[in-house]
Amino acid sequence: MPFQVQPVKEFLVSPALPPAISRLGELAHNLLWSWDHTIRPLFRRLDPSLWKECHRNPVLMLGRIPQESLEKAAADPRYIALYQSACRRYDQYMSLPPDASRKDTMLVAYFSMEYGLSESLTIYSGGLGILSGDHLKAASDAGLNLVGIGLLYQKGYLQQYLNPDGWQTEKTPVNDFYTWPVQPALDANGNEILVEVKLPHGTCSIKVWRMKVGRVDLLLLDTNIPQNQNPEYRDITDQLYGGDNVTRIQQELVLGVGGLRALKALGLEPTVYHMNEGHSAFLALERIRLSMQENRLSFEEALESARGNNVFTTHTPVPAGIDMFDPGLVYEYLHGYCERYGVPFDKFLSLGQGGTDEQGDRFSMAVLALKTSAYRNAVSRLHGEVSQEMFHKLWPDLPIHEVPITPITNGVHLPTWLNGDLALLYDQYLAPDWRERYPEGSIWEQVPEIPNDELWEIRRRRKRRLINFVRERMSKRAQERRASSIEQRRLAELFDPEAFTIGFSRRFATYKRATLIFRDKERLKKILSNPQMPVQILVAGKAHPKDNPGKQFIREIVQLSRDPGFAKHVVFIEDYDIEVARELVHGVDLWLNNPRRGEEACGTSGMKAAMNGTLNLSILDGWFDEAYEVSGGWAIGDRDQYSSDMDDLHASSIYSQLENDILPLFYKGREEGVPHGWMQRVKQSLMNLSPGFNCQRMIHDYTTRFYEPAHIGFLAVRRDNFQPAREKASWYAQVERLWSQVSIEDSGDGPGACVLTGTPIQLRAAVRLAGLTPEDVRVEAVVGRVNPDGGLEDTSVITLPPLSEQSEAVVFGRDFVPHQTGRLGYTLRVSPNHCDDPLTRPCLSPVKWTRS
Ligand SMILES: *Cc1c(COP(=O)(O)O)cnc(C)c1O
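Keep in mind the model is a prediction, meaning the values are calculated, not measured.

Each value, and the rule that gives it
Residues numbered from 1 in each chain as written. Predicted model: local features only at pLDDT ≥ 70, side-chain atom pairs only at ≥ 80, totals over all residues. Heavy atoms only, no water. Buried < 20%, exposed > 50% of the residue type's maximum accessible area, 1.4 Å probe, protein only. Helix = DSSP H or I, 4+ residues; strand = E, 2+ residues; numbered from the N terminus. Contact = heavy atoms within 4.5 Å. Phe/Tyr/Trp six-rings, centres within 6.5 Å; stacked < 30°, edge-to-face > 60°. UniProt positions renumbered as here; feature names shortened; annotations may be inferred. Pairing = 2+ DSSP bridges. Axes fitted to C-alpha atoms, helices over the stretch in contact; angles between N-to-C directions. Core = buried A, V, L, I, M, F, W, Y, C linked by side-chain atoms within 4.5 Å. Domains from an automatic or database assignment. Parallel < 35°, antiparallel > 145°, perpendicular 65-115°, else oblique. Left-handed = near helix turned anticlockwise from the far one by under 90°. Nonpolar A, V, L, I, M, F, W, Y, C, P; charged D, E, K, R; others polar. Near = heavy atom within 4 Å. Polar contact = N/O pair within 3.5 Å; in protein donor to acceptor, adjacent residues only side chain to side chain. Areas by Shrake-Rupley, 256 points an atom, 1.4 Å probe, with all protein chains shown as cover. Right-handed = clockwise from strand over helix to strand, strands pointing away. Salt bridge = Lys/Arg side-chain N within 4 Å of Asp/Glu carboxyl O. 1 Å grid on protein atoms, 1.4 Å probe; cavity = no way out; pocket = protein on both sides within 12 Å on 5 of 7 lines; lining within 4 Å. Points joined across faces, edges and corners; volume = space filled by probe spheres on them.

## Observations regarding helix H15 (residues 381-390)
- All buried positions along H15 are accounted for by Leu382, His383, Gly384, Ser387, Gln388 and Met390.
- Turning to H15, the residues buried within the fold contact strand E13 (375-378) and helix H25 (624-631).

## With respect to the packing of aromatic side chains
- With the rule as written, the count across this model stands at 28 aromatic pairs.
- Each ring, one from Phe500 and one from Phe666, has its centre 4.9 Å from the other, and the planes form 70 degrees; the classification is edge-to-face. Within this pair, whereas Phe500 is found in strand E15 (residues 500-505), its partner Phe666 is found in helix H26 (residues 646-667), the two being separated by 166 residues in sequence.
- Ring centres of Phe500 and Trp678 lie 5.7 Å apart, and the angle between their planes is 90 degrees; this geometry places the pair in the edge-to-face category.

## Regarding the UniProt feature "modified residue: N6-(pyridoxal phosphate)lysine" (unreviewed entry) in the chain
- As annotated in UniProt, the feature "modified residue: N6-(pyridoxal phosphate)lysine" (unreviewed entry) corresponds to Lys608 in the numbering used here.
- Here Lys608 shows up in helix H24 (residues 605-610).
- Residue Lys608 is classed as buried on the basis of its relative accessible area, which comes to 4%.
- Sequence-distant contacts of Lys608, that is, excluding residues within four places in its chain, are made with Ile130, Val412, Trp417 and Val585.

## Observations concerning the sheet that holds strand E16 (residues 535-540)
- The strand order across the open sheet formed by six strands is E17-E16-E15-E18-E19-E20, and the pairing between neighbours is parallel. Only two strands of the sheet have a single partner each, and these edge strands are strand E17 (570-573) and strand E20 (634-636). Each strand axis lies, on average, 20 degrees off the axis of its neighbour in the sheet, ignoring direction.
- Relative to strand E18 (residues 590-593), E15 runs parallel, the two sharing two bridges. Bridge pairing links Ile502 to Leu590 in E18.
- Where helix H27 (residues 676-689) meets the sheet, its contacts fall on E15, E18, strand E19 (615-619) and E20, and the angle it forms with E19 comes to roughly 75 degrees.

## Here's the deal with the nonpolar core
- Among the nonpolar cores identified, the biggest contains 151 residues, and Phe282, Leu334, Phe348 and Tyr707 are the most heavily contacted of them.
- Broken down by element, the residue count for this core peaks at nine residues, all from helix H28 (residues 695-717).
- Split by domain, this core shows at least three residues from each of two domains, domain 1 (19-94) and domain 2 (108-410 + 704-719).
- In contact with Phe348, other than residues within four places in its own chain, are Phe282, Leu285, Phe299, Val330, Leu334, Cys338, Val343, Phe363 and Leu368.
- Of all hydrophobic cores here, the second largest spans 102 residues; its members include Trp417, Tyr426, Met533 and Ile578.

## Focus on the packing of helix H10 (residues 282-295) against helix H11 (residues 299-307)
- The N-to-C vectors of H10 and H11 enclose an angle of 120 degrees; their axes lie 8 Å apart at closest approach. Judged by the angle between their axes, H10 and H11 are oblique. Between H10 and H11 lies a crossing whose hand is right-handed. In contact with Arg287, Ile288, Ser291 and Met292 of H10, H11 contributes Phe299, Ala302, Leu303, Ser305 and Ala306.
- When the residues that make up the contact of H10 with H11 are grouped by side-chain class, the tally is six nonpolar, two polar and one charged.

## Concerning the site of the ligand
- The local shell around the ligand holds 14 residues, among which Lys512, Ala581, Thr604, Ser605 and Lys608 are the closest.
- One of the side-chain N or O atoms of Lys608 is found 2.5 Å from an oxygen atom in the ligand.
- In the complex, 95% of the free accessible area of the ligand, which totals 390 Å², lies under the protein chains.
- Grouping the constituent residues of the shell around the ligand by class yields five nonpolar, five polar and four charged.

## Brief notes about the pairing of E15
- By the criterion of burial, E15 is predominantly enclosed, with six of the six residues buried.
- Because side chains alternate across E15, one face comprises the buried residues Phe500, Ile502 and Phe504, and the other comprises Thr501, Gly503 and Ser505, equally buried.
- Bridge count between E15 and E16: six bridges; the pairing is parallel. Pairing of Ile502 across the sheet is with Ile537, part of E16.
- For the handedness criterion, the β-α-β arrangement of E15, helix H21 (residues 521-528) and E16 is classed as right-handed.

## A short note on the domain arrangement of the chain
- When the domains of the chain are assigned, the result is domain 1 (19-94), domain 2 (108-410 + 704-719), domain 3 (441-693) and domain 4 (742-849).
- For domain 3 versus domain 4, the distance between C-alpha centres works out to 52 Å.

## With respect to the pairing of strand E25 (residues 802-805)
- As defined by bridge partners, E25 adjoins strand E26 (residues 810-816) across three bridges and the pair is classed as antiparallel. For Glu805, the partnering residue across the bridge sits in E26 and is Val810.
- Counted along the chain from E25 to the antiparallel partner E26, the turn is four residues long.

## Description of the pattern of salt bridges
- What the rule picks out here adds up to 52 salt bridges.
- Across the salt bridge formed by Arg435 and Asp427, the nearest N and O atoms sit 2.9 Å from each other.
- In this structure, the salt-bridge partner of Arg513 is Asp647, at a minimum N-O distance of 2.6 Å. A residue pair is termed long-range when its members are at least 10 positions apart, and Arg513 in the loop between E15 and H21 and Asp647 in helix H26 qualify at 134 residues. Asp647 carries the same exposure label as Arg513, and that label is buried.
- A single salt-bridge network, built from bridges that share partners, covers Arg56, Glu119, Arg473, Glu579 and Arg582.

## Thoughts on the environment of Arg88
- By the element assignment, Arg88 lies in helix H6 (residues 77-94).
- The sequence separation of Arg88 and Thr237 amounts to 149 residues, and the corresponding C-alpha distance is 38 Å.

## Re empty space enclosed by the protein
- All told, the structure shown has four cavities of 30 Å³ or more when counted by the stated rule.
- Forming the walls of the largest cavity are Glu277, Gly278, His279, Thr316, Gly321, Ile322, Asp323, Met365 and Ala366.
- Looking at the lining of the largest cavity, its residues break down into three nonpolar, four polar and two charged.

Shown next as structure tokens:
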């Protein structure tokens, strides 16, 4: 370590707030300011340019603001009025009664590796983080009893700087938590909370911080503390997605195991655990071992009791994106833990194995999460199908479409992402309580009544604001680079506020095909520079530091943007973050999204665009596959599986739709002032997409479909000192022992070759139960259309109750009346009756089908 001057004493200095505005500090320390339109202006008004300089971080700002400015505000009656209304709003929000539908003792612990809450809090990298941040905000709005757990990284996620050649280089700013809205979490005696996780070379101490997100707490774990003398352990929470696999397994142990210990140290007892992506899946192990110790359960019993209230959300549609560890590394990090607590290491190891063909014998965090959670979901309908296929190996006896991974489509937090001008317009034209009731479709039925010219005026104002933002940002960066004054002047006049503007910004992962629109440069040049219908494109996005192909894409675009034919029409904005995202989705006319279909799990930037009146032009992937028909936007390509020969096709589809549909529609009627056809589509988008693709709807889905059943299930399983879990585990053991002898002996005579509609068909299965009871199994008929290949399609599953006992077998059956005509067929199957809900079927649950 280089020589450092060390302090002998440390102290914290807080701003001396005048009594009239003494609660500003309290307001600054609750992230409600990041989405509440009455609180945020309070800080901006104090000093607009300092507010910007502080990256909209009110805690930092209050630390820097001159005392005179505070005194001046305290003496200004208009400011005081604003302040008082903000305090009222804050108190009212914080004291809202919890959601009445909430089960009283329910507490959801939500784990995520990153949180994107505000641009100044750089503990996020991209979509996953934004989603987690929005999840907390929406949970707070809904009055859901939820606590978030994450890591507090010493260094922010990388900042992007382009060298003169256009090659991405990275800087990692050091975060100063004392200028952040976080505070050390304290125990009942007012002492800072420390928890520990044992690692191979010693104990790692973890400090717990608390961030207030409205009514929800986010606990953030920090290992960069003096108690850790081992510098390696101090660096565990150094950087999001930094380091190698060793850093990653350490981070994930801190998050999963340390996170659980932090909850306990704070006296919190969650009844539901939500793993947002597999990073936190070690929490399942810690829950198992705690249950083994505290409730004296066996490994299997503890697994069964933990599984029922674990929820897992997968976000990764490609196997390469999943965290996997070599068994040797897992052994090094976890066999001591397992030994200490009597957890059989081999059984634990196998919980992370055998999920996909690609993983070999490696330990997959997603597989661990799948095997230890009863509730599992993907993040869009299409991603649900992709995930079912990807993890089919875990339910090998089930048809792919029955693999128990269900979709809950992501949403974005509307109060965070909606621009203020549009919100004010809604105040005039929607129901007065639209800010609370926006997830209801009926609220949006008033949208057609908004006058086109008022809406258009807002779109134009936002675009002007965006272009000022871009100019300012570009010339500031040029100054930093010491670019020539000619270049600086050029950048300060960049872009035309009246021209049609396309936005494209996202992580530069190659599957997102950032350079697709530049595929045919001559054709694009013609489109961009048509004097009747000029077009400009704003591009932004970071590549992962190790992703050279992604960096090449960036360089290609930057170099193109200097080509005289493109220079006025293409800009690459450095350092994509929440602020850039916000300005872009508020201001551009068209949001372009062209991933390889099937590889975008959901995508949320297009939703942010949609609720601001920006139309989408997108591949039918992720969320847009569900939204396109009612979106007012345009689709690229169809619903076929991606193959590389589609790149040309997709590029030319972009060009021809721009030439023939999009640009004529936008520019038509501009002479009279307002393009009514375009505004019609904007309204269609606002009306149809705002109610469904927001985070409030998503929270509602999670709550009703997962959190509440998981909570109730947990209350049931822990009764009588976990007796139900013990019984379930011993039942499983019995089923496993006898299952090989269970078989469907006879599937009845069935119908004749021809039946008339309305004639009942007798479905019968004589099942040899080999010592199990009829209640131990579920016998089902799978009925459907016979396709030309001889397989069953459009199937439905019919449960058959037991009818009678024969000597060796029990007959299950039901009469079934087909309501369709044509070639139908059915087959029969028997599986252990392990749960009431087929969605929560455990991994590797056996199924036996009729032999044909
Ligand atoms: C919304 C957002 C994302 C995610 O957008 P995708 O459409 O999922 O790529 C990434 N980064 C930032 C800064 C965002 O605001």
